[in-house]
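So the chains spell out like this:
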Amino acid sequence: MNINVANYGPQEVEAGLSLIAIAKNIDRDLAKKACAAKMGGQVVDLRSIPEKGAQIEFLTFDDPEGRLVFNHTASHIMAQAVKRLYPNAKLAIGPAIEDGFYYDFDVENNFTQEDLAAIEAEMKKIVKENLPLSRYELPPEEAIAFYEQDDQDYKVELIQKHAGNGEDISFYKQGEFDELCAGPHLMSTGSIKAYKLTHCAGAYWHGDSSKPMLCRVYGTAFPSKEALEEHMARLEEARKRDHNKIGRELEYFTTAELIGQGLPILLPKGAKVIQILQRFIEDEECRRGWQITKTPYMAKSDLYVISGHWDHYRDGMFILGDPEKDEEVYALRPMTCPFQYQAYLNRARSYRDLPLRYNETSTLFRNESSGEMHGLIRVRQFTISEGHLMCTPEQLEEEFKGCLELAIYALKSIGLLEDVSYRFSQWDPNNKEKYIGTAEQWDEAQGIMKRILDHLGLDYKVGIDEAAFYGPKLDIQIKNVWGKEDTLITIQIDQMLAEKFGMEYTDTDGSKKNPYIIHRTSIGCYERTLALLLEKFAGALPLWYAPVQVKLLPIADRHLDYLNQLCARLQAAGIRAEVDARSEKIGYKIRAAQMEKIPYMIVAGDKDIEENKISVRSRSKGELGAMDFEAFLAQLQQEIADKVLD
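Now for a look at the structure at hand.

## Concerning the overall build of the protein chain
Next, step 1: The secondary structure content of the protein chain amounts to 21 helices and 32 strands.
Next, step 2: Here the C-alpha coordinates of the protein chain stretch approximately 85 × 75 × 60 Å along the principal axes.
Next, step 3: Across the 646 residues in the protein chain, those meeting the buried criterion constitute 50%.
Next, step 4: Residue pairs in contact within the protein chain that sit at least 24 positions apart in sequence constitute 70% of those at least 6 positions apart.
Next, step 5: Roughly 30,700 Å² of accessible area belongs to the protein chain as shown, and the carbon and sulfur atoms make up 48% of that amount.

## So, the pairing of strand β28 (residues 550-554)
Next, step 1: Among the 5 residues of β28, 5 are classified as buried, and the element is accordingly described as predominantly covered.
Next, step 2: Here β28 shows a buried face lined by Val550, Leu552 and Pro554 and a second buried face lined by Lys551 and Leu553.
Next, step 3: Relative to strand β29 (residues 577-579), β28 runs parallel, the two being bridged by 3 bridges. Within β29, the residue paired with Val550 across the bridge is Ala577.
Next, step 4: The β-α-β motif built from β28, the intervening helix α18 (residues 560-572) and the parallel element β29 has right-handed crossover chirality.
Next, step 5: Note that β28 and strand β30 (residues 600-604) share 5 bridges and pair parallel. Paired with Leu553 across the two strands is Val603, which belongs to β30.

## Some details on helix α17 (residues 526-536)
Next, step 1: In terms of burial, α17 is a largely internal element, 10 of the 11 residues being buried.
Next, step 2: Following α17 by one or two positions, Ala538 adopts a phi angle in the positive range, close to 50°.

## As for the nonpolar core
Next, step 1: With 54 residues, the main nonpolar core has Phe400 and Tyr545 as its most contacted residues.
Next, step 2: In terms of residues, this core owes the most to one element, helix α14 (residues 396-414), which gives 9 residues.
Next, step 3: Grouped together as the second largest cluster of nonpolar side chains are 35 residues, Ala36, Val82, Ala89 and Met123 included.

## Concerning the sheet that holds strand β23 (residues 473-479)
Next, step 1: Across the sheet, 8 strands lie side by side as β15-β19-β20-β27-β24-β23-β21-β22; this open sheet has mixed pairing. In this open sheet, the two strands that pair with only one neighbour each are β15 (291-292) and β22 (461-464).
Next, step 2: Here strand β21 (residues 420-426) pairs with β22 via 4 bridges, running parallel. Across the sheet, the residue bridging to Ser425 is Gly463, located in β22.
Next, step 3: Sitting on the sheet, α17 is in contact with β19 (356-365), β20 (381-391), β23, β24 (485-494) and β27 (516-525), with an inclination near 40° to β27.

## What about the sheet that holds strand β17 (residues 319-320)?
Next, step 1: With antiparallel pairing, 3 strands are arranged side by side in an open sheet as β16-β18-β17. Each edge of the open sheet is held by one strand with a lone partner, namely β16 (298-300) and β17.
Next, step 2: Bridge count for β16 against strand β18 (residues 330-332) is 3 bridges, and the pairing is antiparallel. When the bridges of β18 are listed, Met298 appears paired with Leu332.

## Some details on a nonpolar patch on the surface
Next, step 1: Taken together, the side chains of Tyr297, Met298 and Leu320 define a hydrophobic patch exposed on the protein surface, amounting to about 250 Å² of accessible area.
Next, step 2: Mapping Met298 onto the fold places it in strand β16.
Next, step 3: We classify Met298 as partly exposed; its relative accessible area is 38%.

## Considering the pattern of salt bridges
Pairing between side chains of opposite charge can happen when the charged atoms of each approach one another.
Next, step 1: For the structure on display, the rule yields 43 salt bridges.
Next, step 2: Residue Glu122 is joined to Arg84 by a salt bridge in which the shortest nitrogen-to-oxygen separation is 3.1 Å. Of this pair, Glu122 sits in helix α5 (residues 113-129) while Arg84 sits in helix α4 (residues 64-85), placing them 38 residues apart in sequence.
Next, step 3: Lys90 is the partner of Asp151 in a salt bridge, and the nearest nitrogen-oxygen pair spans 3.6 Å. In this pair, Asp151 sits in the loop between α6 (140-148) and α7 (153-162) while Lys90 sits in strand β5 (residues 90-91), placing the two residues 61 residues apart along the sequence.
Next, step 4: Among the ionic contacts, a cluster of salt bridges with common partners joins Arg84, Glu122, Lys125, Glu129 and Glu176.

Rules of the game
Residues numbered from 1 in each chain as written. Predicted model: local features only at pLDDT ≥ 70, side-chain atom pairs only at ≥ 80, totals over all residues. Heavy atoms only, no water. Helix = DSSP H or I, 4+ residues; strand = E, 2+ residues; numbered from the N terminus. Buried < 20%, exposed > 50% of the residue type's maximum accessible area, 1.4 Å probe, protein only. Contact = heavy atoms within 4.5 Å. Areas by Shrake-Rupley, 256 points an atom, 1.4 Å probe, with all protein chains shown as cover. Pairing = 2+ DSSP bridges. Right-handed = clockwise from strand over helix to strand, strands pointing away. Core = buried A, V, L, I, M, F, W, Y, C linked by side-chain atoms within 4.5 Å. Axes fitted to C-alpha atoms, helices over the stretch in contact; angles between N-to-C directions. Patch = residues over 30% accessible without salt bridge, like charges linked within 9 Å, V, L, I, M, F, W, Y side chains within 5 Å. Salt bridge = Lys/Arg side-chain N within 4 Å of Asp/Glu carboxyl O.

Everything listed here is a matter of coordinates, which is why it stays silent on function.
This is how it looks when you write it as structure tokens:
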């Protein structure tokens, strides 16, 4: 909400957030909800509103930027509570994050749940004290001296890092607690009405495993107790749906210490789902004119030097050999593009060969940091539906559209389309060392992509400094059950690597030209996709790609032969079916199948055999009653063909 500030200044703001009441035609209640203000495009403290007129926008907890200010203030309250209870604790950093905040502490022993409860109790006192937060600045040398007297090494390091520009260092004071911070913040601690410290985790200083391990305390804060309770209920549901929990419980995957972090083992169920999805994607890609390739898992460093990955991505690669000693060094591939370029270079090309579409189910290797590992979401070895398309400038828009349509079709078929968002990831001209190519080339590539996206009517956000080092990209984003956003699918425009690899085609006039390249995935990383599907459906995967579609349950051993015959008929028809032949009561078997999230159960007893019928139970609809087997099979096949998402 924008208003023109003309009749009040900092004193009125500080007096009780009555500024909106002073301004005419503005809702008085909004004053009580304001967390910060936006002025000239910058988020500022409410105290920073000038005495003279200025155009401002008030930010409440409902605004993402206002929520960050709210949670950032909560992190300061937590740090103050920790210093009261543990005076020797060393403070690192305490930022706001999307759904809360965290603070890193260097303490003798990591905090327990009892410690967190004590910290929460001390936070309650600080909130009740309603301490005002005020900003002030110190010269770098005074700021360093302030923290050196308390042996706060991490704060000293942060100040030294930013002291080179000669500017004063900003602090925020609340009661006896002074904190190095750029702000902005709420006006007082009393505004934090409800909060919860959720858990602790280890975190290396600066994310560097050679640095000290710190105790990271996570928390969340809300303007009301009711909002906090709703949030905690969502977290509880997230815990139940976390693929790291249900994926292990349902035996989709496991991990082994002897194998290593970020290297999950897909068990039969998980491997079956990924096999189904891979076959679905490869068949669909073939139908749309893609040609499958199979390229090596590794290559000499020379290949990556040409592509630029050796200079721009080496830290993320697994290198075989010592670049300082060995004449020939290999690296496991972190992507497939330079390999598929060699397929293009297999012979001379003309414009008649284009567009040329290569796809591959590629196993890739990326040396992710240990702190980034999470179940199947982020791993060091993964399989991806990768493809590279070479085309003329005239073909670029239509081919880009085709790649996007394929991705949308894949996401819709598996049930994730409604959960995604789109981001146009661009380069940062102020960070040129991160990218190859000239500003003119980037402007051209980004201009082309913008025209395509706008022409397609795609609703997207812009991400600066998030492009690939060789070109802009469309990132199809999705959040996991905890709200963390990851990239699921990318479609990239590249006009630079073809020239680097000498990829040419003969145009209609006989001249040699470099093709445009579109890098794309159609369903993304299969491991990450499986994780997201387990979370979305809470383990109850849709029938068409469920690892076991039908479980056959005999009431007694004498019914086994009948069900084994039906199971064979189902399997012959392409249905993934199993018989539970255990000597258990039927109620136990039904509950077990329910716990396994099996879409359909067939129960058979004496009456079913006599009438040549089956009793069918649906995971979602319960008892369906007696059915003719052929009718049930036809129903199954239709649901699978229609890719019903249940």
